[in-house]
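These are the residues of each chain, in order.
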Amino acid sequence: MRLRREIALFAVGGVIGLLIDASVVQMLVSIEGWNPYLARIVSFLLAASFTWWWSRRHTFATRSSGRSAHAEWLHWMGLMSLGAVVNYGVYAVLLLAFAWLHRWPAVAAAAGSAVAAVLNFCMARGVLFRHAKTSL
C-alpha cells in the first residue's frame, strides 16, 4: 500500500513539476525570445528543485536520505541527471523532428518528462530515499 501511495504522490509532484517546467520554457521562448534548448535547461533546473522539495516533504516523508537538506538536494540533482538526459534527449529529438514544436516547446517538454518519470521514481526511491525514517 505504501508503494502505491508513493507512486501517486510522486505523480502529483511530477505533474506540478511539469507545469513549472513547461510554463517556464514556454514563457522564456515566447515572451523573452530565448533559444528553446537553453530555456529548457533553466526550466528543468527549477522544476527538478521543486520535485526534490515535494518528494522530501510528501512522497518520501517516511523515508530518509541520511543527509542534510543541501547535500540531499545535490544528491537528488545528481541522480536525476540520468532522467534529465533521457528527458532532454526526447525533447531535443522532438524539436529536431517537428519544426512546429519550436513554437510550442511545452509539448516536447511534456513528452520528455513522461518518458523520464519512471526512471526518476526508481532512482529516488531506490537510491536516495531508500531508508525508513527512525524515531528517536
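Residues numbered from 1 in each chain as written. Predicted model: local features only at pLDDT ≥ 70, side-chain atom pairs only at ≥ 80, totals over all residues. Heavy atoms only, no water.

- Per an unreviewed UniProt entry, the chain goes by the name GtrA family protein and belongs to Rhodanobacter glycinis.
- UniProt lists a comment for the chain under the heading Subcellular location (unreviewed entry), and it reads "Membrane".
- Of the chain, the UniProt comment under Sequence similarities (unreviewed entry) reads exactly: "Belongs to the GtrA family." (UniProt positions renumbered as here; feature names shortened; annotations may be inferred.)

### Concerning the nonpolar core
Step number 1: In terms of nonpolar packing, the biggest core is built from 14 residues, with Phe10, Phe60, Trp76, Met80, Ala124, Leu128 and Phe129 touching the most fellow members.
Step number 2: Counting only elements with at least two residues in this core, the list comes to helix H2 (36–59), helix H3 (69–97) and helix H4 (105–128).
Step number 3: With 5 residues, H3 is the largest single contributor of residues to this core.
Step number 4: Here Ala124 is in contact with Phe10, Phe60, Trp76, Met80 and Phe129, once residues within four sequence places are set aside.
Step number 5: One finds Val24, Val25, Val29 and Ala39 within the second-largest nonpolar core, a separate group that totals 10 residues. (Core = buried A, V, L, I, M, F, W, Y, C linked by side-chain atoms within 4.5 Å. Buried < 20%, exposed > 50% of the residue type's maximum accessible area, 1.4 Å probe, protein only. Helix = DSSP H or I, 4+ residues; strand = E, 2+ residues; numbered from the N terminus. Contact = heavy atoms within 4.5 Å.)

### As for the UniProt feature "transmembrane region" (unreviewed entry) in the chain
Step number 1: Using the residue numbers shown here, the UniProt feature "transmembrane region" (unreviewed entry) corresponds to residues 7–31, 37–55, 76–101 and 107–128.
Step number 2: End C-alpha to end C-alpha, residues 76–101 measures 29 Å, and it is 85% helix and 0% strand.
Step number 3: As annotated, residues 107–128 comprises 100% helix and 0% strand, and the C-alpha atoms at either end are separated by 29 Å.

### Observations concerning the UniProt feature "domain: GtrA/DPMS transmembrane" (unreviewed entry) in the chain
Step number 1: Per the UniProt record, "domain: GtrA/DPMS transmembrane" (unreviewed entry) is annotated on residues 10–129.
Step number 2: Within residues 10–129, the helical portion is 82% and the strand portion 2%, while the C-alpha atoms at the span's ends are 13 Å from each other.

### Some points on the environment of Ala110
Step number 1: Looking at the secondary structure, you find Ala110 in helix H4.
Step number 2: When the C-alpha positions of Ala110 and Pro36 are compared, they lie 14 Å apart, and in sequence the two are 74 residues distant.

### Some points on the side chain of Arg63
Step number 1: Mapped onto the elements, Arg63 comes out in strand S1 (residues 63–64).
Step number 2: For Arg63, the side chain forms a polar contact with the main-chain oxygen of Arg130, separated by 3.3 Å.
Step number 3: When near neighbours in sequence (up to four residues on either side) are disregarded, Arg63 contacts Arg2, Glu6, Arg125, Phe129, Arg130, His131, Ala132 and Lys133. (Polar contact = N/O pair within 3.5 Å; in protein donor to acceptor, adjacent residues only side chain to side chain.)

### A word on the pattern of salt bridges
Step number 1: Tallied over the full model, the rule gives 5 salt bridges.
Step number 2: Notably, a salt bridge pairs Glu6 with Arg2, separated by 4.0 Å at the nearest N-O pair. Separated by 4 residues within a single helix, Glu6 and Arg2 lie in helix H1 (residues 2–30), roughly one turn from each other.
Step number 3: Taking relative accessible area as the criterion, Glu6 reaches 2% and is therefore assigned buried.
Step number 4: Residue classification places Arg2 among the partly exposed residues on the basis of a relative accessible area of 42%.
Step number 5: Where Arg56 meets Glu72, a salt bridge forms, and the shortest distance between an N and an O atom there is 2.6 Å. With Arg56 in helix H2 and Glu72 in helix H3, this residue pair connects regions lying 16 residues apart in the sequence.
Step number 6: One network of salt bridges, in which partners are shared, links Arg2, Glu6, Arg63 and Arg125. (Salt bridge = Lys/Arg side-chain N within 4 Å of Asp/Glu carboxyl O.)

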